[in-house]
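Residues per chain, in single letters:
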There are 2 protein chains.
Amino acid sequence: MSSFEQIRTLIPAEARAAIRTGAYGRHTAGLAAGYLQANLVVLPETHALDFARFCQRNPKPCPVVGMTDAGSPKFRTLGQDVDLCRDVPSYNVYEHGVLTATVPDISDLWQDDFVGFALGCSFTFENALIAAGIPVRHIDMDTTVPMYRTSIALTPAGPFSGTMVVSMRPIAEARVSEAIAISSRFPLAHGAPVHTGNPGDIGIADLRTPDWGEPVDIEPGEIPCFWACGVTPQAVLLAASLPMVITHTPGHMLITDVPETADIPVIQSD
Amino acid sequence: MSSFEQIRTLIPAEARAAIRTGAYGRHTAGLAAGYLQANLVVLPETHALDFARFCQRNPKPCPVVGMTDAGSPKFRTLGQDVDLCRDVPSYNVYEHGVLTATVPDISDLWQDDFVGFALGCSFTFENALIAAGIPVRHIDMDTTVPMYRTSIALTPAGPFSGTMVVSMRPIAEARVSEAIAISSRFPLAHGAPVHTGNPGDIGIADLRTPDWGEPVDIEPGEIPCFWACGVTPQAVLLAASLPMVITHTPGHMLITDVPETADIPVIQSD
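The shown structure was predicted, so the numbers you read here are calculated from the model rather than taken from an experiment. (Residues numbered from 1 in each chain as written. Chains lettered and ligands numbered in written order. Predicted model: local features only at pLDDT ≥ 70, side-chain atom pairs only at ≥ 80, totals over all residues. Heavy atoms only, no water.)

### Details of the sheet that holds strand S8 (residues 195-196) of chain B
Sheet strands pair by backbone hydrogen bonding; their relative direction is either parallel or antiparallel.
Residue and element names in this part refer to chain B.
For step 1, the next point in the chain: With antiparallel pairing, the four strands of this open sheet are ordered in space as S6-S7-S9-S8. Each edge of the open sheet carries a strand with a single partner, namely strand S6 (147-153) and S8.
For step 2, the next point in the chain: Across four bridges, S6 lies against strand S7 (residues 163-172) in antiparallel orientation. Following the sheet pairing, Arg149 is matched in S7 by Val165.
For step 3, the next point in the chain: Seen against the sheet, helix H6 (residues 176-184) touches S7, S8 and strand S9 (222-228) and runs at an angle of roughly 15° to S9. (Pairing = 2+ DSSP bridges. Helix = DSSP H or I, 4+ residues; strand = E, 2+ residues; numbered from the N terminus. Contact = heavy atoms within 4.5 Å. Axes fitted to C-alpha atoms, helices over the stretch in contact; angles between N-to-C directions.)

Printed below as a string of structure tokens:
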């Protein structure tokens, strides 16, 4: 049995421990099934209020599920001993808008003025789609979901602005409305699609050439459905060119103790 | 026709204009039907990030639906020309935790470092309950909803901590689950109840003596249902004893251009 197969069956605290010790370092899709996974953004406190505003104004791409105290790497509301410096399998470090490192631990980079944000991710609604018998193409193809820049304007806040990034999943026409209804139940995981149908309506020229991830097949009778994507804040943060921002490496998420079906993403812990 | 009856039929921008000019200064229940109304909190930027954290960690009592830029009294995402200094019928001014003034306009008190927060309010789910044929007792009695301090601990952030304040509405036992389902559709307006049934379970000794508002009759076969209440942040802010905090006067809300049924509480305006 591979380490991936072993880790799939672990509870969140065990999965985080495997990641923290370096025993596991791959993407987290399918891990700790049933629990919320999150995008990570770390930035200096001086920009944290503007980023909180930006997320409030753009909740579909940026659904905030956790904020640390300034200078603390612990997400106290997302579970027991959730350490954002060590519990994500891979981190991207950006300096002045340029990716300067991809590392498995950011303890050495942590600063006393850093604030961590956790943002809900698409794994949650994908799990719900699959549970309802609606196939998710990129998962079946074992590829990374195709993501596209769009013409959908974001509502700016401070230095943060730009256009929305979306992920695309082709859904059989007969099941599109069910897919919309299911994903709308998870507003903290991007919620309902922002668009279905013609990609040109939202400024996407060619589905075969995604800006991130890999293209997927669209079968006859399928409609491309577009969800707000957690890569949006990464693109916005890059454009803002802050001295230092740290995010998770796409696909390598923070695993929390919050059940995917929780009413609110808050656990009272120490 | 009274001015109240006239203003009920106005659209939000017209209602705000009547409030701004001083033509209307009473509570806003029933005004601009179908549009989101909001609790108001204004505090200095130095405490705004902690307050944003507090709201994120306590989303049932504190559902953020808008944040201004620092120094700007305009809620740009809540509608056209929404001015928090003039568009609320009545404001409470607190200095060092003491109510020092109740005024109809705060333009003279506005400071360059102030940040405004708008938090969803119970009017939204009450309207939905009534639309479904579920009576709301305090509305039928034409009194202020009874509100109670509880033993439900809030998740602290910076100087903000305490216990939750709830509002209580008695619901016929046969319709409790429908009332829960309906209100759960409005997570930005306190969502589903935090408790139903025995008040003692959440530290309420006597329903006949609410901490705010007025007691209501509970008929045989009715269950007291308790929703997280927007007075919670006011109680928490008072306890934090900041030099200056301004809120709406309870019941006198900010009327927005956001439809109550909107997916997200964000309007792209100038």
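So much for the structure itself; the text now carries on.
### Some details on the interface of chain B and chain A
Put simply, an interface is often sized by how much accessible area is lost when its parts join up.
For step 1, the next point in the chain: With 28 residues of chain B at the interface, the matching set in chain A holds 28 residues.
For step 2, the next point in the chain: Summing the contributions of chain B and of chain A, the shared interface buries around 2300 Å²; its carbon and sulfur component is 52%.
For step 3, the next point in the chain: Interface area lost by chain B to chain A is led by Leu49, Gln56 and Arg57 of chain B, which between them contribute 27%.
For step 4, the next point in the chain: For the pair chain B and chain A, the interface holds four salt bridges.
For step 5, the next point in the chain: As a salt-bridge pair, Asp69 of chain B and Arg57 of chain A come within 3.1 Å of each other at their nearest N and O atoms.
For step 6, the next point in the chain: Counting the contacts that link chain B with chain A gives 10 residue pairs in polar contact (both at pLDDT 80 or more).
For step 7, the next point in the chain: Residue classes in the side of chain B that touches chain A are distributed as 15 nonpolar, six polar and seven charged. (Buried area = accessible area lost by both parts, 1.4 Å probe. Salt bridge = Lys/Arg side-chain N within 4 Å of Asp/Glu carboxyl O. Polar contact = N/O pair within 3.5 Å; in protein donor to acceptor, adjacent residues only side chain to side chain. Nonpolar A, V, L, I, M, F, W, Y, C, P; charged D, E, K, R; others polar.)

### A few points about the pattern of salt bridges
For step 1, the next point in the chain: Per the stated rule, a full pass over the model turns up 28 salt bridges over all chains.
For step 2, the next point in the chain: Residues Arg208 of chain A and Asp206 of chain A are paired through a salt bridge, measuring 3.1 Å at the closest nitrogen-oxygen approach.
For step 3, the next point in the chain: We classify Arg208 of chain A as exposed; its relative accessible area is 65%.
For step 4, the next point in the chain: For Asp206 of chain A, a relative accessible area of 25% translates into the label partly exposed.
For step 5, the next point in the chain: Here Arg16 of chain B and Asp257 of chain B are joined by a salt bridge, their closest N and O atoms 2.9 Å apart. Of this pair, Arg16 of chain B sits in helix H2 (residues 12-20) while Asp257 of chain B sits in strand S11 (residues 254-259), and the two are 241 residues apart along the sequence. (Buried < 20%, exposed > 50% of the residue type's maximum accessible area, 1.4 Å probe, protein only.)

### What to know about the domain arrangement of chain A
Residues and elements named next belong to chain A.
For step 1, the next point in the chain: Each assigned domain of chain A is listed here: domain 1 (12-122 + 240-259) and domain 2 (131-232).
For step 2, the next point in the chain: Computed over C-alpha atoms only, the centres of domain 1 and domain 2 are separated by 22 Å.
For step 3, the next point in the chain: In this assembly, 19 residues from domain 1 lie in contact with 22 residues from domain 2.
For step 4, the next point in the chain: For the domain 1 and domain 2 pair, buried surface summed over both sides reaches about 1600 Å², with 67% attributable to carbon and sulfur atoms.
For step 5, the next point in the chain: Three residues stand out in domain 1 for area buried against domain 2, namely Phe54, Lys60 and Pro61, and they jointly supply 36% of the buried area on that side.
For step 6, the next point in the chain: Seen at the junction of domain 1 and domain 2, the total is zero salt bridges.
For step 7, the next point in the chain: On inspection of domain 1 and its partner domain 2, the count reaches six residue pairs in polar contact (both at pLDDT 80 or more).
For step 8, the next point in the chain: With six residues, the single largest contributor to the side of domain 1 that touches domain 2 is helix H3 (residues 45-57). (Domains from an automatic or database assignment.)

### Comments concerning helix H7 (residues 231-240) of chain B
For step 1, the next point in the chain: Burial runs high along H7 of chain B: eight of the 10 residues are buried.
For step 2, the next point in the chain: Residue Ser241 of chain B follows H7 of chain B closely and has a positive phi angle near 55°.

### Considerations on the relation of the copies chain B and chain A
For step 1, the next point in the chain: Rotating chain B by 180° about the axis while translating it 0.0 Å along that axis superimposes it on chain A, leaving an RMSD of 0.0 Å. What we have between these two chains is a two-fold relation. No C-alpha of chain B approaches the rotation axis more nearly than that of Leu49 of chain B, which lies at 2.7 Å.
For step 2, the next point in the chain: Residue by residue, 100% of the interface of chain B is reproduced at the interface of chain A, so both copies engage with the same surface. (Least-squares fit on C-alpha atoms with pLDDT ≥ 70 in both.)

### Regarding the environment of Asp206 of chain B
Residues and elements named next belong to chain B.
For step 1, the next point in the chain: With respect to the helices and strands, Asp206 occurs in the loop between S8 and S9.
For step 2, the next point in the chain: Along the sequence, Asp206 and Gly34 sit 172 residues apart, while their C-alpha atoms lie 34 Å from each other.
For step 3, the next point in the chain: A polar side-chain atom of Asp206 sits 2.8 Å from the main-chain amide nitrogen of Arg208.

### Topic: the pairing of strand S4 (residues 98-103) of chain B
Residues and elements named next belong to chain B.
For step 1, the next point in the chain: Examined bridge by bridge, strand S3 (residues 91-95) and S4 share five bridges and lie antiparallel to one another. Directly across from Val93, in S4, lies its bridge partner Ala101.
For step 2, the next point in the chain: Counting the residues between successive antiparallel strands, the hairpin from S3 to S4 contains two residues, one of them, His96, with a positive phi of roughly 50°.

### Digging into the packing of aromatic side chains
Residue and element names in this part refer to chain A.
For step 1, the next point in the chain: One pass over the full model with this rule turns up 12 aromatic pairs over all chains.
For step 2, the next point in the chain: Here Phe125 and Trp227 contribute two aromatic rings whose centre-to-centre distance is 4.8 Å and whose plane-to-plane angle is 20°, an arrangement assigned as stacked. Taken together, the residues span a long stretch of sequence, with Phe125 in helix H4 (residues 123-131) and Trp227 in strand S9 (residues 222-228) at a distance of 102 residues. You'll find Phe125 and Trp227 in the same group, each marked buried. (Phe/Tyr/Trp six-rings, centres within 6.5 Å; stacked < 30°, edge-to-face > 60°.)

### Observations regarding the sheet that holds strand S7 (residues 163-172) of chain A
All names here are of chain A.
For step 1, the next point in the chain: The strand order across the open sheet built from four strands is S6-S7-S9-S8, with neighbouring strands paired in antiparallel fashion. In this open sheet, the two strands that pair with only one neighbour each are strand S6 (147-153) and strand S8 (195-196).
For step 2, the next point in the chain: Across two bridges, the pairing between S8 and S9 is antiparallel. Bridge pairing in S9 links His195 to Phe226.
For step 3, the next point in the chain: Strand contacts of helix H7 (residues 231-240): S6 and S7, with the helix running at about 155° to S7, the strand carrying the most contacts.

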